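# A closer look at the structure
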Amino acid sequence: MITVVWAALYIAILAAFTGYEVIRRVPVLLHTPLMSGSNFIHGIVLVGAMFALGTATTLPEQVLGFVAVVMGAMNVTGGYVVTERILEIFDKSKAKKGPP
Amino acid sequence: MTDLSDVIEGVYLLTVLFFILGLQRMSSPSTARSGIVAAGVAMLIATVVTFLTPGLSNLVWIAAGIAIGGALGFVAAKRVAMTDMPQMVAIYNGMGGGAAAGIAVVELLIGPRFSTTGGLSVAGGLIGAVSFSGSVIAFLKLQGWMRQRPLTYPLQQPTNLIVLGAAIVLGALTVAYSGAFLLPFFLLALGFGLLMTLPIGGADMPVVISLYNALTGIAVAMDGFALGNYAMVVAGTLVGAAGSLLTLVMARAMNRSISNVLFSAFGATEETGVAVQGTMKPIEPDDVAMMLAYAQKVIIAPGYGMAVAQAQHKVKELMDQLEARGVTVKFGIHPVAGRMPGHMNVLLAESGVPYDRLFDREEVNPEFPTADVVLVIGANDVVNPAARRAGSPLQGMPILDVDLAKNVVILKRGQGKGFAGVENELFYKENARILYGDAQETVGKVIQALKQIKD
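Source: prediction; values computed, not measured.

Before going further, it helps to spend a moment on the overall build of chain B. Helix and strand content of chain B: 16 helices and six strands. Radius of gyration (C-alpha) of chain B: 25 Å, near the 23 Å computed for a compact globule of 455 residues. Out of the 455 residues belonging to chain B, those deemed buried represent 58%. Relative to all contacts within chain B whose residues are 6 or more apart in sequence, the contacts with residues 24 or more apart total 78%. A total accessible area of about 17,500 Å² is found for chain B, and carbon and sulfur atoms account for 63% of it.

Shown next, in the form of structure tokens:
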């Protein structure tokens, strides 16, 4: 029976390779949305911040937990909107493509 | 384990799957938008089911925090101009890092500190805090609220190293001995992020933003370990790997190592003692229009100056005018032109330039010798032939070979040097002409003049 930490390490190694392989062939054109999109994905930190605040009992813990939730939520919505706006542009510029 | 926990874990598993599929779909322009929507839906569901976690308290405060942070992030991101996107990416990344650091500190306060999870929390807290304060400095520099030039002082790197070392020692003491070390540990970690970013200049920001993105991902993964949340472990590691790869690509585009970008305060000193032969020859908008009107092929090489002057819409108009006259127009995009990876592509796409006219450095370089006119709009170091000369600070940096074209017109505001502080030998070449002024205005004048020219 392996411990939880070891299992998590195996998962992390696999995730690192997945990240590398998924990104490897991205064209320069998409570097900005890719960076912004991965910026959004680490917004999952919000879930961790919810745990932290949800298990906080003393005032300093609660204050820090609350700040973490606010920051995490900003990361999520801001990251999503920025990425979506950039990709919307690419959609538009494709639609405007002139006659062949 | 209750049934509810199983449901929550199942949702997290699906969330991670959607993140991976979403990222994969973002590797092609036609599927990219569906990718971010998939990831967005997954994030929303993951957030909602987290409320159902057994034993979670302070639910009202959690909801309030999400509402406040969510609204702030949403409104700011909606309102910001496209030219300000680099600093937006930087600040939202900083928020993620700050949240990761906050989680780590809360976990260390709740305890147990002397454990594997305590160690992981310290690591997550350190990396998250560095990413937070570093990203904030990057934001301030990009927003123009701080000088973009590197800020240097004597013994800077030794000082930074000592601060980092002290932060690590205090982190270790926090785990091993007492929570009393937690506050100084946290402050030093924040201080290191700040000190590390001060000597990094504006033109190196694509590398820095990308690096802090990777660091936040790693911090989130560390917190995930400590909390036993595998969704955070996988998502954080994904971003850490993707961000590291992108950072390497950016540094390689400048032929510099990442440590050189981070620690050399590039651009703080100017090269002296190199005399450049020739003179800078100015040109008027009317003459540029004439040149362009009778060209077969025109290549446009944009840089950060185009973003500053917000000239991308005028540039698109110029492209339309020229294409109406039967001139072939292409754009040559250097990977590190601008202030974030792919910056120029986004601006030009925003103004409506179809992305099949945008070409990478490798694709466009063979085309310069057959181009009649190259327009360099607000780019400097990425077109400086000094990069081919031994001894130049730019030596070895792959550039756009614009000097091989028949005519080169450089649109620039004044006599200033590029970010690297190196005199641009291109400006003195026989085939080069300088069109002085704000790029938005000068391109506008060229368009007006073009309209006057009859076939």
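We now examine the pattern of salt bridges. All names here are of chain B. Enumeration over the complete set of coordinates arrives at 14 salt bridges over all chains. Between E362 and R361 there is a salt bridge whose closest N-O contact spans 3.5 Å. Judged by relative accessible area, which is 17%, R361 ranks as buried. Across the salt bridge formed by K429 and D403, the nearest N and O atoms sit 3.5 Å from each other. Here D403 lies in the loop between strand 4 (373-377) and strand 5 (407-412) and K429 lies in the loop between strand 5 and strand 6 (432-436), a separation of 26 residues in the sequence. Its relative accessible area of 31% is what places K429 among the partly exposed residues. Residue classification places D403 among the buried residues on the basis of a relative accessible area of 8%. Because the salt bridges share partners, they merge into one network encompassing R388, D401, D403 and K429.

So, about the packing of aromatic side chains. For the coordinates displayed, the defined rule picks out three aromatic pairs over all chains. Here the aromatic rings of A:F66 and B:W61 are separated by 5.5 Å at their centres, their planes lie at 85°, and the arrangement is edge-to-face. Taken together, the residues span two chains, with A:F66 in helix 4 (residues 59-95) and B:W61 in helix 3 (residues 59-79). Seen from the ring of B:Y304, B:R339 lies directly overhead, with NZ or CZ sitting 3.6 Å from the centre.

Residue and element names in this part refer to chain B. With 21 residues, helix 6 (residues 156-176) should cover 30 Å at 1.5 Å per step; its first-to-last C-alpha distance of 30 Å lies within 8% of that length. Residues of helix 6 that are buried: Q156, N160, V163, A167, L170, G171, T174 and V175. On an axial view of helix 6, the arc spanned by its buried residues comes to 140°, and they lie on one face. In helix 6, those exposed residues whose orientation departs by more than 90 degrees from the buried face are L161 and I162.

Turning to the sheet that holds strand 4 of chain B, a few remarks are in order. All names here are of chain B. Pairing within the open sheet is parallel, and its six strands lie in the order 3-2-1-4-5-6. With partners counted over all chains shown, the strands left at the sheet margins are strand 3 (358-360) and strand 6, one partner each. Along the sheet, successive strands turn relative to each other by an average axial angle of 25°, direction set aside. As paired strands, strand 2 (residues 328-333) and strand 3 are joined by three bridges and run parallel to one another. Within strand 3, the position partnered with I333 by the bridge is D360. Along the sheet, helix 11 (residues 285-293) makes contact with strand 1 (297-302), strand 4, strand 5 and strand 6, crossing strand 4 at roughly 135°. Running at roughly 145° to strand 2, helix 13 (residues 312-324) makes contact with strand 1, strand 2 and strand 4 of the sheet.

Across the contact, 101 residues belong to chain B and 79 residues belong to chain A. Summing both partners gives a buried area of about 8,000 Å² for chain B against chain A, and 79% of it is carried by carbon and sulfur. When the buried area of chain B at its contact with chain A is split by residue, B:R33, B:M43 and B:Y355 rank highest and sum to 8% of it. Counting across the chain B and chain A interface gives one salt bridge. For A:E84, the salt bridge is made with B:R33, and the minimal N-O distance between the two is 2.7 Å. At the boundary of chain B and chain A, one finds 16 residue pairs in polar contact (both at pLDDT 80 or more). The element contributing the most residues to the side of chain B that touches chain A is helix 4 (residues 85-110) of chain B, with 17 residues.

Let us now look at helix 9 (residues 230-253) of chain B. Residue and element names in this part refer to chain B. With 24 residues, helix 9 extends 35 Å from end C-alpha to end C-alpha; this agrees with the ideal 34 Å at 1.5 Å per step. Of all 24 residues making up helix 9, 19 are buried, and the element is well covered by its neighbours. Measuring from the side-chain oxygen of the N-cap residue of helix 9 to the backbone nitrogen of A231 gives 3.0 Å; that N-cap residue is N229. In the stretch just after helix 9, N255 is the one whose phi turns positive, near 55°.

Rules used throughout
Residues numbered from 1 in each chain as written. Chains lettered and ligands numbered in written order. Predicted model: local features only at pLDDT ≥ 70, side-chain atom pairs only at ≥ 80, totals over all residues. Heavy atoms only, no water. Helix = DSSP H or I, 4+ residues; strand = E, 2+ residues; numbered from the N terminus. Rg over C-alpha atoms; globule rule 2.2 N^0.38 Å. Buried < 20%, exposed > 50% of the residue type's maximum accessible area, 1.4 Å probe, protein only. Contact = heavy atoms within 4.5 Å. Areas by Shrake-Rupley, 256 points an atom, 1.4 Å probe, with all protein chains shown as cover. Salt bridge = Lys/Arg side-chain N within 4 Å of Asp/Glu carboxyl O. Phe/Tyr/Trp six-rings, centres within 6.5 Å; stacked < 30°, edge-to-face > 60°. Lys NZ or Arg CZ within 6 Å of the ring centre and 35° of its normal. Expected span 1.5 Å × (residues − 1). Arc of directions from axis to C-beta. Pairing = 2+ DSSP bridges. Axes fitted to C-alpha atoms, helices over the stretch in contact; angles between N-to-C directions. Buried area = accessible area lost by both parts, 1.4 Å probe. Polar contact = N/O pair within 3.5 Å; in protein donor to acceptor, adjacent residues only side chain to side chain.

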